[in-house]
Amino acid sequence: MKLKIITWPDPILSTVSEPLDIDEIKTPEFSKLVEDMIQTMYEDDGVGLAAPQIGRNIRLITVDQTGPRERADLMVIINPEIVENEGSMDSRESCLSTPAFTTTVNRFEKLTVTGLDHKGKPMRIEAEELLAVILQHEIDHLDGITIVERAGRLKRAMYEKKVMKWRKG
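Since this is a predicted model, take the numbers as computed values, not measurements.

This next bit is on the overall build of the protein. A count of helical and extended segments in the protein gives four helices and seven strands. Start at the N end of the protein and walk to the C end: the helices and strands fall as α-β-β-β-β-β-β-β-α-α-α. In terms of overall size, the protein behaves like a compact globule, its C-alpha atoms giving a radius of gyration of 16 Å where 169 residues would be expected to give roughly 15 Å. Based on the C-alpha atoms only, the size of the protein along its principal axes is roughly 45 × 35 × 30 Å. Across the protein, contacts joining residues at least 24 apart in sequence account for 64% of those joining residues at least 6 apart.

A few words on the sheet that holds strand S1 (residues 48–50). The five strands are arranged S1-S2-S3-S6-S7 in an open sheet whose pairing can be described as antiparallel. Strands with a single pairing partner mark the edges of an open sheet, and in this sheet they are S1 and strand S7 (122–128). Mean inter-strand twist for the sheet, computed between neighbouring axes without regard to direction, equals 40°. The sheet contact formed by strand S6 (residues 110–116) and S7 spans seven bridges and is antiparallel. Considered in S7, the bridge of Thr 114 is made with Arg 124.

Relative to the elements of secondary structure, Tyr 159 occurs in helix H4 (residues 153–168). Sequence-wise, Tyr 159 and Thr 102 are 57 residues apart; in three dimensions their C-alpha atoms are separated by 9.9 Å. Residue contacts for Tyr 159: discarding those within four places in its chain leaves Trp 8, Thr 98, Pro 99, Ala 100, Phe 101, Val 148 and Trp 166. A polar contact of 2.8 Å, which involves the side chain of Tyr 159, links it to the backbone oxygen of Pro 99.

In terms of nonpolar packing, the biggest core is built from 19 residues, with Leu 20, Phe 30, Leu 33, Met 37, Ile 54, Leu 60 and Ile 78 touching the most fellow members. Of all the secondary structure elements, the ones that give two or more residues to this core are helix H1 (28–43) and strand S3 (74–86). Ranked by the residues each element gives to this core, the list is headed by H1, at seven residues. Among all residues touching Leu 20, those that are not within four sequence positions of it are Ile 25, Phe 30, Ile 58, Arg 59, Leu 60, Ile 78 and Asn 79. Listed in part, the 16 residues of the second largest apolar core include Ala 50, Val 63, Ile 77 and Val 113.

Counted according to the given criterion, the structure contains 11 salt bridges. Note that Arg 69 is salt-bridged to Asp 45, the shortest N-O span being 3.3 Å. In this pair, Arg 69 sits in the loop between strand S2 (60–64) and S3 while Asp 45 sits in the loop between H1 and S1, placing the two residues 24 residues apart along the sequence. Judged by its relative accessible area of 66%, Arg 69 is exposed. Connected through salt bridges with shared partners, the residues Glu 93, Arg 107, Asp 140 and Arg 150 form a single ionic network.

Rules and cut-offs
- Residues numbered from 1 in each chain as written.
- Predicted model: local features only at pLDDT ≥ 70, side-chain atom pairs only at ≥ 80, totals over all residues.
- Heavy atoms only, no water.
- Helix = DSSP H or I, 4+ residues; strand = E, 2+ residues; numbered from the N terminus.
- Rg over C-alpha atoms; globule rule 2.2 N^0.38 Å.
- Contact = heavy atoms within 4.5 Å.
- Pairing = 2+ DSSP bridges.
- Axes fitted to C-alpha atoms, helices over the stretch in contact; angles between N-to-C directions.
- Polar contact = N/O pair within 3.5 Å; in protein donor to acceptor, adjacent residues only side chain to side chain.
- Core = buried A, V, L, I, M, F, W, Y, C linked by side-chain atoms within 4.5 Å.
- Buried < 20%, exposed > 50% of the residue type's maximum accessible area, 1.4 Å probe, protein only.
- Salt bridge = Lys/Arg side-chain N within 4 Å of Asp/Glu carboxyl O.

Here it is as structure tokens:
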């Protein structure tokens, strides 16, 4: 089932998410949540989705750098953590939770992420360029950070005005 995407400035997007324990991920409800997140990510033309974006403050992300069309590199990562990083690059980013907003974010060029797969098995991902950017973007969501917070003051203020106008109209 496709889920509703939470949009900025909803407070859930600025809340740090809670880690999951192994018992929580071995339930049918968790499996259904993962399926629904994957479907939502693809149907909304995303390459990543974090649980806070669908209203759940848990440390869970789905990622597919080939998505949404190819769907050839799907990853489900529970409790992801950046354990190594190097380099620096500017990345032009948009987000399902910040409609009509794009900004340049400085990101690590290469990184290593550890976590658990959807069955609870440990995983380690070596990533660079696009995959590294997607992982950092989604992990930011788990830490209560959106690209709006990563933008400059002026750009953020302009987006705040736009969002307020949408809500009134």
